[in-house]
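Residues per chain, in single letters:
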Amino acid sequence: MSTPWEAVIGLEVHAELATRTKIFCGCPTTFGQPPNSQVCPVCAGMPGALPVLNAEAVRMAALAGMALGGIVADRSRFDRKNYFYPDLPKGYQISQLAMPIVSGGHLDLPLEEGPKRIRLIRIHLEEDAGKLVHRGSSGLAGATHSLVDLNRAGVPLIEIVSAPDLANAEEARLYLQELRLVLLTLGVNDGRLEEGSLRCDANVSVRPAGTLALGTRVEIKNLNSFKFLQKAIESEIQRQIRRIEAGEPIVQETRLWQEDKGTTVSMRSKEDAADYRYFPDPDLPDVVLDDAWRAAVSKGLPELPAARRERGVAAGLSRSEAHQLAGDPALWHLLETVVGHGTPLRDAARWLLGEGLGCLADAGLDAEAVLDRAGGFARLIELVRAKRLATPSFRKLVRDVLVHGAEPEALAHERGLWLEPDDGSSARIVDEVLRSLPDQVAQWRSGKHQVRGFLVGQVLRALKGKGDPATVGPLVDRWLETPTAD
Amino acid sequence: MPIDPEEVRHVARLARLVLDEDEVTRMSRDLGVILDHMAVLAEVPVDDVEAPVHASPLPTRLRPDIPEPSLDRDALLAGAPRVEDGMFRVPRIL
Ligand SMILES: [Zn+2]
């Protein structure tokens, strides 16, 4: 029998902060602009240009640190990380080595069986590099030459480093998904992996199950989708196990996930590992933060996804409904706004998921775009709850209310959808209709209960659209179950 | 005292400098002189002196997150040896 192996995985996530300007200069950070149109002497690394730290980048990094339970340092420091690469105009990246802005913290994975806590080691601030466009080939290998676009150079990043607490590729994917959601909810990152504003590297090693010593770790870069992250880690774990079982050593190295090959390939090994010669950046004095500043920042902490899901479940939503709502901060904001108009959370959530989302999708709208229609949506729900409108009428009106901003009361009036206050006429019509269908009633009495739907439908038809299945159903049941009705 | 020529080659490699053997010999001697010179400082008694935390004792100044105009692209690229499609053209990297 072969040794059972276990994987030990830690993730390093780079998240671009959603500031308007770069970290050390006033250039805008807008994505997708013409190349080199958002560059100044500071972010182009021209001699004599001096960096001045963006207050908003510091606030966002601290906010992320607080949300993730870390300690925001009284004093943190920027260092120069020295290396040469064409996308790095200064010849060094301004980063934080010994004194990061945030230390410690944790992220709880929302596993089915309960949360699993993943420890964080640190969060530090740094600047992004520029972008390279390779020519003469689709990738770096085989390119005849490359072009440099510095629009991204100097965009603020936080690097979030986890402890090696992840046990498999599935947990790694969940970690990245949950971290992305926390950052999105905080509004500090736009969560767009495909645009590279959220990037992930993984450190992977394996060891005999149940042992404590860590195996040689391999860093995998370029994991720019949830699918690639999971596949790359799965493939790397298998590669390491195969090597160890064949008696071959694991080399400490950096590997690149290659989707077309379905495997990781070696990028550089430890022998020529970079020697970054870090030292404190003399152009940037220490960042000093006090309790008053931290208290002001912490006021901006929204309710986090885990708390939202918990509150949703406590209000009677299923786990998957709560996950769906908390998984989209814009949708949750719409939900909260509807609730703010007096609708109970459970009803607002059910109608949003059941009817609202479909309307938005058909109209190609984001939840954020219809926030000012939340009041109408809430009144529409209330009309159904108060039995002034039938459930099918909700479906007839919801699109006009949510997408076009119509007033639900005026619309219900215009279309003649008001339910008459029940003066006993519904019961009378139930009686009439059921008496006219003795065969089906007999079927029901002989145990064919599926005929009930047909009977209810016939009554609704007789009520000409003004009947509510929620009212008619029980009336039909009562009629059928009362033996004296014969 | 001259420093190890291997050390010189390592530092040269990091700085992307090509040194011939004569230059390596000269640099190991010159860098050795500089280090000897700095070693004099190590003689100064500093036991009762608090280590400075940074070149500047003051906290950093923070800038509001307000966009400012960037450079005109032609001005930015004017000093570049080669330009293509509005970008800096650099030799193949691998
Ligand atoms: Zn700039």
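Residues numbered from 1 in each chain as written. Chains lettered and ligands numbered in written order. Predicted model: local features only at pLDDT ≥ 70, side-chain atom pairs only at ≥ 80, totals over all residues. Heavy atoms only, no water.

### As for the domain arrangement of chain A
Here is step 1: Segmenting chain A into domains produces domain 1 (5-293), domain 2 (305-414) and domain 3 (425-485).
Here is step 2: Averaged C-alpha coordinates put domain 1 of chain A and domain 3 of chain A at centres separated by 65 Å. (Domains from an automatic or database assignment.)

### Thoughts on helix H1 (residues 5-14) of chain B
Residue and element names in this part refer to chain B.
Here is step 1: Along H1, the residues that are buried comprise Val8, Ala12 and Leu14. Viewed end-on, H1 has its buried residues packed into an arc of 160°, placing them on one side of the element.
Here is step 2: Here the buried face of H1 lies against helix H2 (21-42). (Buried < 20%, exposed > 50% of the residue type's maximum accessible area, 1.4 Å probe, protein only. Helix = DSSP H or I, 4+ residues; strand = E, 2+ residues; numbered from the N terminus. Arc of directions from axis to C-beta. Contact = heavy atoms within 4.5 Å.)

### Notes on the interface of chain A and chain B
Here is step 1: Taken together, the contact between chain A and chain B spans 55 residues of the former and 34 residues of the latter.
Here is step 2: Of the roughly 3,700 Å² buried between chain A and chain B on both sides combined, carbon and sulfur atoms contribute 61%.
Here is step 3: When the shortest N-O distance is used, the salt bridge between Arg135(A) and Asp85(B) registers 2.7 Å.
Here is step 4: Joining chain A to chain B, the criterion identifies 21 residue pairs in polar contact (both at pLDDT 80 or more).
Here is step 5: Examining the composition of the side of chain A that touches chain B, we find that 5 residues originate from one element, strand S11 (residues 145-149) of chain A, more than from any other. (Buried area = accessible area lost by both parts, 1.4 Å probe. Salt bridge = Lys/Arg side-chain N within 4 Å of Asp/Glu carboxyl O. Polar contact = N/O pair within 3.5 Å; in protein donor to acceptor, adjacent residues only side chain to side chain.)

### Examining the sheet that holds strand S5 (residues 79-82) of chain A
Residues and elements named next belong to chain A.
Here is step 1: Ordered by their spatial adjacency, 3 strands build an open sheet running S6-S5-S17, and the pairing between neighbours is antiparallel. The open sheet has two edge strands, strand S6 (92-95) and strand S17 (279-280), and neither has a second partner.
Here is step 2: Where S5 and S17 come together, 2 bridges link them in antiparallel fashion. Paired with Arg80 across the bridge in S17 is Phe279. (Pairing = 2+ DSSP bridges.)

### Description of the pattern of salt bridges
All names here are of chain A.
Here is step 1: For the coordinates displayed, the defined rule picks out 47 salt bridges over all chains.
Here is step 2: With its nearest N and O atoms 2.8 Å apart, the salt bridge here joins Arg199 to Asp128. Here Asp128 lies in the loop between strand S9 (114-127) and strand S10 (131-135) and Arg199 lies in strand S13 (residues 198-208), a separation of 71 residues in the sequence.
Here is step 3: Relative accessible area serves as the criterion here: at 24%, Arg199 is assigned to the partly exposed category.

### Things to note about H2(B)
For an α-helix the count is 3.6 residues per turn, leaving residues at separations of three or four pointing the same way.
All names here are of chain B.
Here is step 1: If you check H2, its first and last C-alpha atoms are 31 Å apart, about what 22 residues at 1.5 Å a residue would give, namely 32 Å.
Here is step 2: For H2, every residue scored as buried is listed here: Val24, Ser28 and Gly32. Taken end-on, H2 shows its buried residues confined to a sector of 75°, consistent with a single buried face. Relative to its buried face, H2 has exposed residues pointing more than 90 degrees away, namely Asp22, Val33, His37, Val40 and Leu41.
Here is step 3: The inward-facing, buried residues of H2 abut H1.
Here is step 4: With a side-chain oxygen positioned 3.2 Å from the backbone nitrogen of Asp22, the residue opening H2 is Asp20. (Expected span 1.5 Å × (residues − 1).)

### Here we look at the confidence of the model for chain B
Here is step 1: Here chain B averages 90 in pLDDT, and 96% of its residues register 70 or above.
Here is step 2: Two summary scores accompany this predicted model of the complex, namely pTM at 0.85 and ipTM at 0.86. (pLDDT = per-residue confidence, 0-100.)

### A word on the coordination of the zinc ion
Residue and element names in this part refer to chain A.
Here is step 1: Taken together, Cys25 (SG), Cys27 (SG), Cys40 (SG) and Cys43 (SG) make up the full set of protein donors to the zinc ion, lying 2.3 to 2.4 Å away.
Here is step 2: By relative accessible area, Cys27 is classed as buried at 1%.
Here is step 3: When its relative accessible area of 6% is taken as the criterion, Cys43 is described as buried. (Donors = N, O, S within 2.8 Å, 3.2 Å for Na, K, Ca; no water.)

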